[in-house]
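This is what each chain is made of:
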Amino acid sequence: GPKVLQIPSHQIIDMGQMVTLNCDPVSNHLYFYWYKQILGQQMEFLVNFYNGKVMEKSKLFKDQFSVERPDGSYFTLKIQPTALEDSAVYFCASSLRVGEVFFGKGTRLTVV
Amino acid sequence: AQSVDQPDAHVTLSEGASLELRCSYSYSAAPYLFWYVQYPGQSLQFLLKYITGDTVVKGTKGFEAEFRKSNSSFNLKKSPAHWSDSAKYFCALEFQGGSAKLIFGEGTKLTVSS
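Since we're looking at a predicted model, the values are computed, not measured.

Topic: the interface of chain A and chain B
Working step 1: Tallying the contact residues gives 18 residues for chain A and 18 residues for chain B.
Working step 2: When chain A packs against chain B, the two sides together hide about 1700 Å² of surface, and 56% of this comes from carbon and sulfur.
Working step 3: We note a salt bridge from K101 of chain B to E56 of chain A, for which the minimum N-O separation is 2.9 Å.
Working step 4: Taken together, the connections running from chain A to chain B amount to 5 residue pairs in polar contact (both at pLDDT 80 or more).
Working step 5: Broken down by secondary-structure element, the contributors of at least two residues to the side of chain A that touches chain B are β4 (31-37), β5 (44-50) and β6 (53-57) of chain A.
Working step 6: Here the side of chain A that touches chain B gets 4 residues from one element, more than from any other, and that element is β4 of chain A.
Working step 7: Looking at side-chain class alone, the side of chain A that touches chain B contains 10 nonpolar, 5 polar and 3 charged residues.

Set out below in structure tokens:
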């Protein structure tokens, strides 16, 4: 079936540095999402993106976070600067329409 | 506030038994409801959804779920269960109005022993 690819699967970064998480969504999808899951907790919505713009973002989407999808390429989540509490698994997702969402396997981010 | 509750963190049963994973939600309007499954090392996979209409919805892999407005539930069912159903299952709620934002429960880890 359709696949959302996330690169890399693991990333370790020093606190205060910048990190970019990359997502290759399903090719014809129009909606894009990032979710955050801290170990053992539920997955929480960060942001969704449609037609080149952020549709909605949650309280977890701090000012240090940004998303973009330049020229229909990767959908990226950038965190600058990173903090210890940003350590989590970040899931990218995409959908053709509102409803059935396809998820990637996640990128495990460890901030040290 | 909107929320999804999956009260059972772990469910264990024998192959051939019937499974039912519980999900309840809190939302003031009519919800869109989903079930996803996550196998170890895999991404979340869509199982089924309820938008409107028939309150029993059928999905992939032989699963079905029943929407009950009276007690705000959307339980996932399958009979008989198979060892390959062992995975973590997530119930999710989407706001109406096309916000495309899913709220997830904490998940239920299902173990089916052969």
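A few points about the pattern of salt bridges
Residues and elements named next belong to chain B.
Working step 1: Applying the stated criterion to the full structure yields 7 salt bridges over all chains.
Working step 2: For K77, the salt bridge goes to E66, with nearest N and O atoms at 3.3 Å. Placement of the pair is K77 in strand β9 (residues 73-78) and E66 in strand β8 (residues 64-68), with a sequence separation of 11 residues.
Working step 3: Note that K78 and D85 form a salt bridge whose closest N and O atoms lie 2.9 Å from each other.
Working step 4: Taking the relative accessible area as the measure of exposure, K78 reaches 14% and is therefore buried.
Working step 5: In the salt-bridge network here, residues are joined through shared partners; they are E66, R68 and K77.

Observations regarding the layout of surface pockets
Over the atoms, a rolled probe matching the size of one water molecule traces out where space is still vacant.
Working step 1: Taken as a whole, the largest pocket spans an internal volume of roughly 1000 Å³.
Working step 2: Class assignment for the residues of the lining of the largest pocket results in 17 nonpolar, 16 polar and 7 charged.
Working step 3: The calculated volume of the second largest pocket comes to roughly 300 Å³.
Working step 4: Every residue lining the second largest pocket is counted, 16 residues in all, and those nearest its centre are E44, F45 and S58 of chain A together with K101 and I103 of chain B.
Working step 5: Those elements that provide at least two residues to the lining of the second largest pocket are β5 and β6 of chain A together with β1 (3-5) and β11 (102-104) of chain B.
Working step 6: No other element matches β11 of chain B, which puts 3 residues into the lining of the second largest pocket.

Notes on the environment of V57 of chain B
All names here are of chain B.
Working step 1: Here V57 is to be found in strand β7 (residues 56-58).
Working step 2: Its relative accessible area of 12% is what places V57 among the buried residues.
Working step 3: Separated by 10 residues in the primary sequence, V57 and F67 place their C-alpha atoms 8.1 Å from one another.

A short note on the environment of V112 of chain B
Residue and element names in this part refer to chain B.
Working step 1: By the element assignment, V112 lies in strand β12 (residues 108-113).
Working step 2: Classification of V112 as buried rests on a relative accessible area of 6%.
Working step 3: As a C-alpha pair, V112 and T12 span 100 residues in sequence and 5.9 Å in three-dimensional space.
Working step 4: Those residues in contact with V112, other than ones at most four positions away along the chain, are L13, S14, E15, A81, H82, W83, D85 and S86.

Some details on the pairing of β8 of chain B
In regular strands, side chains alternate between the two faces of the sheet.
All names here are of chain B.
Working step 1: Side-chain alternation along β8 places A65 and F67 on a buried face and E64, E66 and R68 on a face that remains uncovered.
Working step 2: Here β7 pairs with β8 via 3 bridges, running antiparallel. Across the sheet, the residue bridging to V56 is E66, located in β8.
Working step 3: The pairing of β8 with β9 spans 5 bridges and is classified as antiparallel.

The rules behind each value
- Residues numbered from 1 in each chain as written.
- Chains lettered and ligands numbered in written order.
- Predicted model: local features only at pLDDT ≥ 70, side-chain atom pairs only at ≥ 80, totals over all residues.
- Heavy atoms only, no water.
- Contact = heavy atoms within 4.5 Å.
- Buried area = accessible area lost by both parts, 1.4 Å probe.
- Salt bridge = Lys/Arg side-chain N within 4 Å of Asp/Glu carboxyl O.
- Polar contact = N/O pair within 3.5 Å; in protein donor to acceptor, adjacent residues only side chain to side chain.
- Helix = DSSP H or I, 4+ residues; strand = E, 2+ residues; numbered from the N terminus.
- Nonpolar A, V, L, I, M, F, W, Y, C, P; charged D, E, K, R; others polar.
- Buried < 20%, exposed > 50% of the residue type's maximum accessible area, 1.4 Å probe, protein only.
- 1 Å grid on protein atoms, 1.4 Å probe; cavity = no way out; pocket = protein on both sides within 12 Å on 5 of 7 lines; lining within 4 Å.
- Points joined across faces, edges and corners; volume = space filled by probe spheres on them.
- Pairing = 2+ DSSP bridges.

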